[in-house]
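# Analysis of the macromolecular model
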Amino acid sequence: MQAIIDATESFVKQALTGAEGGHDWWHIYRVWQQARHIAAKEQVDMLVVELAALLHDIADSKFHNGDELVGPAKAAAFLQTQPVPQHVTDHVVNIVKHISFKGGNNAREFYSPELGVVQDADRLDALGAVGIARAFNYGGFKNRALYDPAIAPQLNMTKEEYKHSAAPTINHFYEKLLLLKDRMNTATGKALAEERHAFMEAYLQQFYREWNGES
């Protein structure tokens, strides 16, 4: 098992060389370590969890013209080069296919305890101090405004609207980040999300005070 994990780690590091800072190897590393932490308290297949955490953003659709098939296909192609049972490959690819937020208003097409663990780990990396840093890094990458009081957050976007949104970064807090706390799957994930959610709420209060020139 360890040889497979090591090979996957090397593959992902190479594949994400030069990636945008919020979706680079270090994002994968944090999700991987967080998933291992959460999984220790769950009844899950650790090989599936670790492989899915490592491969979950191997080709994020945001960086492939919205194509959601690239990531699962790339994950499957890599796993076929490793001595991984087919049922494990299928499970990991399903997690890669179904892990994303995508607006949060879509019925689940697939779920497993392993998906729950990796999804919680991925969502936790979108919260708290790191989540704030990632949001603004991606906003800068896309040349988006920090904030525009005239542009209200859209809370009931369809999947396509969410994918094509170019709203200011602060709107993303309301359209995704602040919604994640109530969408966690595991008890561990929920507890960690509470703390990070509170940090983001405090950050937003400070942001608006500074934006409005208040003391």
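Structure shown above.
Notes on the structure in this doc start here. Just so it is clear, the structure is predicted and the values come from calculations on it, not from any experiment.

Basis of the calculations
Residues numbered from 1 in each chain as written. Predicted model: local features only at pLDDT ≥ 70, side-chain atom pairs only at ≥ 80, totals over all residues. Heavy atoms only, no water. Phe/Tyr/Trp six-rings, centres within 6.5 Å; stacked < 30°, edge-to-face > 60°. Helix = DSSP H or I, 4+ residues; strand = E, 2+ residues; numbered from the N terminus. Contact = heavy atoms within 4.5 Å. Axes fitted to C-alpha atoms, helices over the stretch in contact; angles between N-to-C directions. Parallel < 35°, antiparallel > 145°, perpendicular 65-115°, else oblique. Left-handed = near helix turned anticlockwise from the far one by under 90°. Nonpolar A, V, L, I, M, F, W, Y, C, P; charged D, E, K, R; others polar.

Moving on to the packing of aromatic side chains. A complete count under the given rule lists 15 aromatic pairs for this structure. When the centroid spacing of 5.5 Å and the interplanar angle of 75° are considered together, the rings of Trp26 and Tyr29 count as edge-to-face. One end of the pair, Trp26, and the other, Tyr29, are both in helix 2 (residues 25–39), 3 residues apart, so they sit about a helical turn from each other. Measuring from ring centre to ring centre gives 4.9 Å for Tyr147 and Trp211, while their planes differ by 75°; the resulting arrangement is edge-to-face. Of this pair, Tyr147 sits in the loop between helix 7 (128–141) and helix 8 (159–163) while Trp211 sits in helix 10 (residues 187–211), placing them 64 residues apart in sequence.

Here we take up the environment of Val130. Its location among the elements puts Val130 in helix 7. For the pair formed by Val130 and Gly22, sequence separation is 108 residues and the distance between their alpha carbons is 8.9 Å. Residues contacting Val130, with those up to four places away along its chain left out, are Arg30 and Asp125.

Our next topic: the packing of helix 5 (residues 86–98) against helix 6 (residues 113–124). Interaxial distance between helix 5 and helix 6 falls to 10 Å at its minimum, and their mutual angle equals 45°. Here helix 5 lies oblique to helix 6, going by the angle between them. Where helix 5 crosses over helix 6, the handedness of that crossing is right-handed. Contact residues: His91, Ile95 and His98 in helix 5; Glu114, Leu115, Val118 and Gln119 in helix 6. Per-class residue counts for the contact of helix 5 with helix 6 are 3 nonpolar, 3 polar and 1 charged.

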